[in-house]
Amino acid sequence: MDNEIETELLKHEEEEGDLKQRIWDESKKIWRVALPSVISRVCAFGTIVVTQSFIGHISDLDLAGYALVQTLSVRFVNGILLGMSSATETLCGQAFGAGQNHMLGIYLQRSWLVDFITLTLLLPIFIFGTQMFRFFGEEELIAKSGGHISLWFIPFIYNFVFSLTIQMYLQAQLKNMIIAWLSALQFAIHIPLSMLFVYKLNMGTVGAMIALSMSSWVLVIGEFIYIFGGWCPNTWKGFTFCAFKDMLPMVKLSVSSGIMVCLELWYNAVLVLLAGYMADADIAISAISICLNINVWEFMISLSLLGAACVRVANELGRGNAKAVKFSIKVMLGTSVAIGVFFFVLCLILGKKLAYLFTDDDGVANAVSDLSLLLCFSILLNSISPVLSGVAIGAGMQGPVAIVNFVCFYLIGIPLGALLGYLTTLAVKGIWIGMIGGVLIQTIVLVYMTWRTDWDDQVIKASKRLHRFYLKSNENPEQIHS
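About the thresholds
Residues numbered from 1 in each chain as written. Predicted model: local features only at pLDDT ≥ 70, side-chain atom pairs only at ≥ 80, totals over all residues. Heavy atoms only, no water. Helix = DSSP H or I, 4+ residues; strand = E, 2+ residues; numbered from the N terminus. Buried < 20%, exposed > 50% of the residue type's maximum accessible area, 1.4 Å probe, protein only. Contact = heavy atoms within 4.5 Å. Expected span 1.5 Å × (residues − 1). Polar contact = N/O pair within 3.5 Å; in protein donor to acceptor, adjacent residues only side chain to side chain. Salt bridge = Lys/Arg side-chain N within 4 Å of Asp/Glu carboxyl O. Axes fitted to C-alpha atoms, helices over the stretch in contact; angles between N-to-C directions. Parallel < 35°, antiparallel > 145°, perpendicular 65-115°, else oblique. Left-handed = near helix turned anticlockwise from the far one by under 90°. 1 Å grid on protein atoms, 1.4 Å probe; cavity = no way out; pocket = protein on both sides within 12 Å on 5 of 7 lines; lining within 4 Å. Points joined across faces, edges and corners; volume = space filled by probe spheres on them. Nonpolar A, V, L, I, M, F, W, Y, C, P; charged D, E, K, R; others polar. Patch = residues over 30% accessible without salt bridge, like charges linked within 9 Å, V, L, I, M, F, W, Y side chains within 5 Å. Areas by Shrake-Rupley, 256 points an atom, 1.4 Å probe, with all protein chains shown as cover. Phe/Tyr/Trp six-rings, centres within 6.5 Å; stacked < 30°, edge-to-face > 60°. Lys, Arg positive; Asp, Glu negative; His and termini not counted. Charge placed at Lys NZ, Arg CZ, Asp CG, Glu CD. Disulfide = S-S within 2.5 Å.

Peer 1: Can you help me understand the overall build of the chain in this one?
Peer 2: Secondary structure assignment for the chain yields 19 helices and zero strands. The buried share of the chain, reckoned over its 482 residues, is 54%.

Peer 1: Whenever I open this one, the side chain of T118 confuses me. Can you help?
Peer 2: With respect to the element layout, T118 can be found in helix α3 (residues 102–122). The exposure class of T118 is buried, given its relative accessible area of 18%. Leave out the neighbours within four places in its chain, and T118 touches I80, L81 and M84.

Peer 1: How should helix α13 (residues 322–350) be read in this particular structure?
Peer 2: Because an α-helix completes one turn every 3.6 residues, residues spaced three or four positions apart along the sequence face the same direction. Here α13 spans 42 Å end to end across 29 residues, near enough to the 42 Å set by a 1.5 Å rise per residue. If you check the start of α13, you find a side-chain oxygen 3.4 Å away from the backbone N of K323, and it comes from N321.

Peer 1: How do you make sense of the pattern of salt bridges when you look at a structure like this?
Peer 2: A side chain of one charge can pair with a side chain of the opposite charge if their charged atoms are brought near each other. Considering all chains together, one arrives at four salt bridges under this definition. Note that D25 and K28 form a salt bridge whose closest N and O atoms lie 4.0 Å from each other. Here the residue D25 and the residue K28 both occupy positions in helix α1 (residues 2–56), the gap between them amounting to three residues, near one helical turn.

Peer 1: Explain the packing of α3 against helix α7 (residues 159–171) here, please?
Peer 2: For any two helices packed against each other, one specifies the inter-axial angle together with the distance between the axes. Contact geometry for α3 and α7: axes closest at 9 Å, N-to-C directions at 155°. As far as their axial angle goes, α7 and α3 are roughly antiparallel. Of the two possible hands of crossing, α3 and α7 adopt the one that is right-handed. Only V161, F162, T165, I166 and Y169 of α7 make contact with α3, whose side of the interface consists of L104, G105, L108, S111, W112, D115, F116 and L119.

Peer 1: Looking at this structure, I do not really get the layout of surface pockets. What am I missing?
Peer 2: To locate leftover empty space, one rolls a probe as large as a water molecule over the atoms. Approximately 330 Å³ is the volume found for the second largest pocket. Together, 16 residues line the second largest pocket, and I294, W297, L354, L357 and F358 are the ones closest to its centre. Taken together, the elements giving at least two residues each to the lining of the second largest pocket come down to α1, α12 (281–319) and α13. Split into classes, the residues belonging to the lining of the second largest pocket amount to 14 nonpolar, one polar and one charged.

Peer 1: Teacher, can you tell me more about unusual backbone geometry here?
Peer 2: Excluding glycine, residues mostly carry a negative phi; peptide bonds, for their part, are mostly trans. Notably, N202 is not glycine yet its phi reads approximately 55°, a positive angle. With respect to the element layout, N202 can be found in the loop between α8 (177–200) and α9 (204–231). Note on N202: relative accessible area 65%, which makes it exposed.

Peer 1: Honestly, the environment of G421 in this entry has me stumped. Any pointers?
Peer 2: Inspection of the secondary structure puts G421 in helix α16 (residues 398–423). Once the C-alpha coordinates of G421 and L274 are considered, the two residues, 147 residues apart in sequence, prove to be 8.7 Å apart.

Peer 1: Mind showing me how you'd approach a nonpolar patch on the surface here?
Peer 2: On the surface, V337, V341, F342, V345, L346, I349 and L350 cluster together to form a nonpolar patch covering roughly 570 Å² of accessible area. Summarising the element assignment, V337 is placed in helix α13. Residue classification places V337 among the partly exposed residues on the basis of a relative accessible area of 31%.

Peer 1: So what exactly am I meant to see when it comes to the side chain of Q52 here?
Peer 2: Among the secondary structure elements, Q52 is positioned in helix α1. Ignoring anything within four residues of it in the chain, the contact list for Q52 reads L63, Y66, A67, S289, I290, N293 and F358.

Peer 1: Please clarify how the packing of aromatic side chains should be interpreted in this entry.
Peer 2: Taken as a whole and judged by the stated rule, the model has 20 aromatic pairs. Arranged with centres 5.2 Å apart and planes meeting at 40°, the rings of F228 and W236 form a pair that is tilted. Their ring planes at 55° and their centres at 5.7 Å tell us that F228 and F239 sit as a pair that is tilted. With F228 in helix α9 and F239 in the loop between α9 and α10 (247–265), this residue pair connects regions lying eleven residues apart in the sequence. For F228, a relative accessible area of 40% puts it in the partly exposed group. Given the relative accessible area of 62%, F239 is considered exposed.

Peer 1: Where do I start with a positive patch on the surface in this structure?
Peer 2: A surface patch of positive charge is lined by R22, K323, K326 and K330. The element best represented in the positive patch is α13, accounting for three residues. Turning to its location among the elements, R22 is positioned in helix α1.

Peer 1: What should I look at first to understand empty space enclosed by the protein in this one?
Peer 2: Counted according to the given criterion, the structure contains two cavities of 30 Å³ or more. A volume near 30 Å³ is recorded for the second largest cavity. The set of elements that each furnish at least two residues to the lining of the second largest cavity consists of α15 (385–394) and α17 (428–452). Looking at the lining of the second largest cavity element by element, the count peaks at three residues for α17. Each residue belonging to the lining of the second largest cavity can be placed in one class, and the counts come to six nonpolar, one polar and no charged.

Peer 1: Would you mind going over the packing of helix α14 (residues 362–382) against α17 with me for this structure?
Peer 2: Here α14 crosses α17 at 15°, and the two axes come no closer than 10 Å. Here α17 runs roughly parallel to α14, going by the angle between their axes. Here α14 and α17 pass one another in a crossing that is left-handed. Here D370, L371, L374, L375, F377, S378, L381 and N382 of α14 lie close against α17, whose contacting residues are V428, K429, W432, I433, I436, V439, L440 and T443. When the residues that make up the contact of α14 with α17 are grouped by side-chain class, the tally is eleven nonpolar, three polar and two charged.

Peer 1: What is the right way to read the state of the cysteines from this model?
Peer 2: What makes a disulfide is a covalent bond joining the sulfur atoms belonging to two cysteines. Counted according to the given criterion, the structure contains zero disulfides. Counting only cysteine sulfurs, C347 is the nearest neighbor of C291, a cysteine outside any disulfide, at a range of 8.9 Å. In this structure C376 is a free cysteine whose sulfur lies 5.1 Å from that of C347, the closest cysteine sulfur available.

Right, dumping it as structure tokens:
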């Protein structure tokens, strides 16, 4: 009897030790993809937050104008370009996996053309910023300030054409650590540059915007040096006219890839727009923008885990290992929730102190403090839903997730927020509570979808997709090259 108990205890200890090792091994695989992405996203978005901080200490009016442009115009354009750039990730990943290495450089050049033309068509959003904000009913002084700052954002936004697509191109080759180093350099340069232009040269808000543009192009120039300097010899063969061929399929894939991302990124922008119709709009916009930027900064970590989820789920489905998929999902969710809880507690403790990083205005600081609890819950939810989205994308379920996002965000969250904001005394709080409700419902639906998914069936579907892909590659190589 004692021997049986002893055997069971030893077996339990072995299983527990094996589980710890499996979790450790899985975590290493996840962070190999996620860590460089976390560093690059946090640093890149950090330059925008630092610029907001400098402007907030210059002028409360310009802080509101900057918040309006950054949260509405820049996020709108970034959402489109980020979504379209994800098509580059798909195409480059497939080409690299199929051994068609030279195609990565061609796909990259095609994405530059598509994104450059798209951004140029969107330029009126920045050129006619004042008129656009007036149309949306913003206060005259805020609209004028936002229109002025919009013009200074134009040199900055063109870096998206290259930085987003190059990141996808390098990530497909598992060379994204260079992006992390360059992004860290960008952030390190941005702070002294901002101090130089704002304080030493006394250029105020214009100086802060010049520093933002200059530091953003440091990243792009570094990426160009890395690619053109010979560090991607198998995937970059120089500029070619092949990039101009078959542009229509590239455009179609880019547009379809952008829908899901845009729906999520634009959601918070509506919160700022609705806040512009409240009493003391400048304080409301500034406070919400500060909260959202803190939220989005943490969200960069979640987006990186989303990318890791895509890679891990897709890899294991391709290998035919359904059990590994389910285990990886559990580890990723556990990791992301732990990060969310940490930042939840941190924001709860700091509260009002966070506001003074961005402004000297007590009114704005008090408004941020009043919203801090909602900010904490937004951060916690944002640590869960992106990973579930990444799981769905890795399994090829982008369509259902796009529908879920649209219904939860635009048919539930925004109408509920508007009702609570304008028909009760909750005001800005009411808008945000409604928006959180949309995210909560989205998270519940995605949890249910993930739980109900038959991963063995997904393995079969992935196998069929791979089989079709390789048949096409073997039977008609030119189809891959086109």
